[in-house]
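In case you want the letters, here they are:
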Amino acid sequence: MLAGYLWYNDKKAYYYTAVSGFGCGIFHGLCLACSFKLYVFVKHSFVDHFLETFSPQNSRRIWRYARYGTGLLWGIPMATFLGWRSPAAKTMNLICAALFLLSLEMIIWFSSKSDINLRKGKSHLKNHALKVKKLGVQSKTQIVIKDFAGHPLYRYAHHIFLANNNSIYLLVFNMAKAAVVKKRKKVLKQITYWLSIIQGHAQSPDVNVFLVGTHRDSVKERQRGETIKMINKWLIDNISDKYHKMIHCNENQKLFFFPIENSIPTSEVENDNDVSVLKNAIYRVKQSADDMRVISGPLRYNSFYEDLQAYRKKKMFILKKNQLYDDLKNNNTSLSNTSDKDLEEMLNLFDSLREIIHFSDFVILKPQFLIDLMASLVNIPLKGTQDRKHLAKDWTRLQGSGLASENLLNWVLKSNIPETMHNEINGLKLLLEKYDLLCKIQIMTQHMYLVPPLLSSNAEIKSQWKDASRCVRLYISFGDFHIEPIFLRLLCHCARNDSASHCDYLQVNRRYGTFVYQSSYPYRIEQIRMAAENGIKKDVIKLTINLSDTAQDSTLVINMVHHYLIEILQRHFQECHYVLGPLCPVNKKVCPILNLCNKEIEMCPKEINISCCKHKSKVYKWKASSGLLHDDL
């Protein structure tokens, strides 16, 4: 309209007007994009809370106005710089302003309309991303809550349930125990354990953790305010800074955590202010995660959720993949014409969301089923049937050493799966081995199964290990990560490929294992504690390799262990990193580990120059044939 008005008064200015308008439009678009990024950054701070308080139902609409308005503010100075002027007639000013507001409202309306159509399944992107969007207070979001048990048996399998996509974690601790100085160390250890586990699984940078302190009313009301402030300061000072970016603070109460009372009756929960503060904070995080969750799959995959729930209600927790395909094609109209390739992609998608476990020819429709199987190995059977009496000796050995006989394992599996699956016992064992819940080993001529969660740290090892005169000692550090799940899986890998299968005794326990590689390289791995730079002791893995005149290349064992660790991390702990190398000879008090190889290095070299961790100018030469550091450079 403005261009036409100028052309009518001065036709010579037509081209100038067109070029200026085109340039101004481009600049306006660029500024709009920049303002959107600024909006995303600011939205995660106090402004988001302010807008929701001001208008909870229309906060997203207000933000759209703010985004486009910010772009306009950038565009007006540019337009003035290019020579645009306001028309002399007031009527034209009103018309231009009305057109601008109308176009702005059309953009907002179109965006909202697209969202609603997408939510109703009317998307034109039939085979592209399914976007489930939250629209105001009328939207319905399905929330899946998983409660993680603290028993060591279940801790070992937590990785099965920790999803790599965006999730919200409520890390709960007992506030009454944290208020007691003598009990704080144990509370901090538990909090740090969970933070490291979450960080080790999280592939997305948007990890959302809420620290929730329970048993609020156990603290006397007169002292509650001061106690909460004291706990708050203690948490901030003792939790590592690298975890702070994952934790959402209690902005309403200016705290690092959310104090609540967990014994409030259900009927009174809605009236508790602290619970409401926590609920609103979770809601804001859910809403601000780009206001969208993207699932890479066709819309028809949504119907699989209903089938999944139906199978679980029938207590059908495990199926052959071909049987599942046939059921879905025959009984699910949305998936009746879906190819096997597309169904494979669908299963992989739901596996990544930790809704199912997809492995080879099997589909675990309820991941908890695997944990229930492991729990069956813990519960000692009551006296009764002849089978149980026959297996009593095997069960006693399992409880003492973590070794299960093949007969015992077969009996447990058959007791927990349908009869139609009894012929698939071997495939189910492979599935359990894939997740390192079992490890098949050979003792003399008998096949046994190592159950890592049931290994005892007090079990005696009848090993005749002795450090040779020539041995290589290396250490593996994972930073603050809780390494026991990794160490137990490393034990499984080493035991599975051990050359010393002729032994008639077990050579591993929960913190120690001795093995032989290629019948020539005896080596030992153990979980030990070492001093760190901040004075706090941390767990590391110590690798000792005995050399001889016929076995002088320690990199064969080092690269094997290195390969096992990479495989374990890629499968279970994608965001975890480690450093493998000898101890620095300078900083002996804190025992820092020199970087010989790590997750990003494919192979360990036979010779390498390593810089000192304290004095970078100091360089040592490490040799695989001796494992010693030579400082003659």
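Residues numbered from 1 in each chain as written. Predicted model: local features only at pLDDT ≥ 70, side-chain atom pairs only at ≥ 80, totals over all residues. Heavy atoms only, no water.

**A look at the confidence of the model for the chain**
The predicted model of the chain averages 75 in pLDDT, with 67% of residues at 70 or higher. Confidence, expressed as mean pLDDT per element, reaches its minimum in the chain at strand β1 (residues 130-133) with 32 and its maximum at strand β4 (residues 258-259) with 94. Within the model, pLDDT remains below 50 along residues 43-49, and this stretch shows 13 contacts once partners closer than five positions in the same chain are excluded. Taken as a whole, residues 51-60 scores under 50 in pLDDT and shows 18 contacts with residues more than four places along the chain or in a different chain. (pLDDT = per-residue confidence, 0-100. Helix = DSSP H or I, 4+ residues; strand = E, 2+ residues; numbered from the N terminus. Contact = heavy atoms within 4.5 Å.)

**Topic: the environment of Phe317**
Within the element layout of this structure, Phe317 appears in the loop between α12 (303-313) and β6 (318-320). Sequence-distant contacts of Phe317, that is, excluding residues within four places in its chain, are made with Arg312, Val363, Ile364, Leu365, Lys366 and Phe369.

**Side note on the side chain of Asn546**
Its location among the elements puts Asn546 in strand β16 (residues 537-546). You can call Asn546 buried: its relative accessible area is 8%. Here Ala468 takes part through its backbone nitrogen, which lies 3.0 Å from a polar atom of the side chain of Asn546. Residues in contact with Asn546, not counting those within four places in the same chain, are Trp465, Lys466, Asp467, Ala468, Arg470, Cys471, Tyr521 and Pro522. (Buried < 20%, exposed > 50% of the residue type's maximum accessible area, 1.4 Å probe, protein only. Polar contact = N/O pair within 3.5 Å; in protein donor to acceptor, adjacent residues only side chain to side chain.)

**A short note on the pattern of salt bridges**
This structure, assessed with the given rule, holds 24 salt bridges. Where Arg496 meets Asp436, a salt bridge forms, and the shortest distance between an N and an O atom there is 3.6 Å. Placement of Arg496 in helix α20 (residues 484-496) and of Asp436 in the loop between α19 (425-434) and β10 (439-443) is noted, with a sequence separation of 60 residues between them. The exposure class assigned to Arg496 is partly exposed, which follows from its relative accessible area of 29%. With relative accessibility at 1%, the residue Asp436 sits in the buried group. Note that Asp549 and Arg470 form a salt bridge whose closest N and O atoms lie 3.7 Å from each other. (Salt bridge = Lys/Arg side-chain N within 4 Å of Asp/Glu carboxyl O.)

**A few points about the sheet that holds β6**
Here three strands make up an open sheet; going across it, the order is β6-β8-β7 and the pairing antiparallel. Bordering the open sheet on either side are β6 and β7 (357-359), each of which pairs with just one other strand. Sheet twist, expressed as the mean angle between neighbouring strand axes with direction ignored, is 15°. The pairing of β6 with strand β8 (residues 362-364) spans three bridges and is antiparallel. Note on β8: the bridge partner recorded for Leu319 is Val363. Along the sheet face, helix α13 (residues 321-331) touches β6, β7 and β8 and points at about 90° away from the line of β6. (Pairing = 2+ DSSP bridges. Axes fitted to C-alpha atoms, helices over the stretch in contact; angles between N-to-C directions.)

**Considering the sheet that holds strand β11 (residues 446-450)**
Pairing in this open sheet of three strands is antiparallel, and the strands run β9-β11-β10 from one edge to the other. If you trace the sheet from one side to the other, it starts and ends with β9 (403-405) and β10, each paired once. Averaged over all neighbouring strand pairs, the angle between strand axes comes to 40°, with direction disregarded. Running over the sheet, helix α17 (residues 392-401) touches β9 and β11 and is turned about 160° from β9.

**Quick notes on the packing of α13 against helix α14 (residues 340-352)**
Running from N to C, α13 and α14 point in directions that differ by 105°, and their axes come no closer than 11 Å. Relative to α14, the element α13 is oriented roughly perpendicular. Residues Lys321, Leu324, Tyr325, Leu328 and Lys329 of α13 lie in contact with α14, whose contacting residues are Asp340, Leu343, Glu344, Met346 and Leu347. Taken together, the residues that form the contact of α13 with α14 break down as six nonpolar, no polar and four charged. (Parallel < 35°, antiparallel > 145°, perpendicular 65-115°, else oblique. Nonpolar A, V, L, I, M, F, W, Y, C, P; charged D, E, K, R; others polar.)

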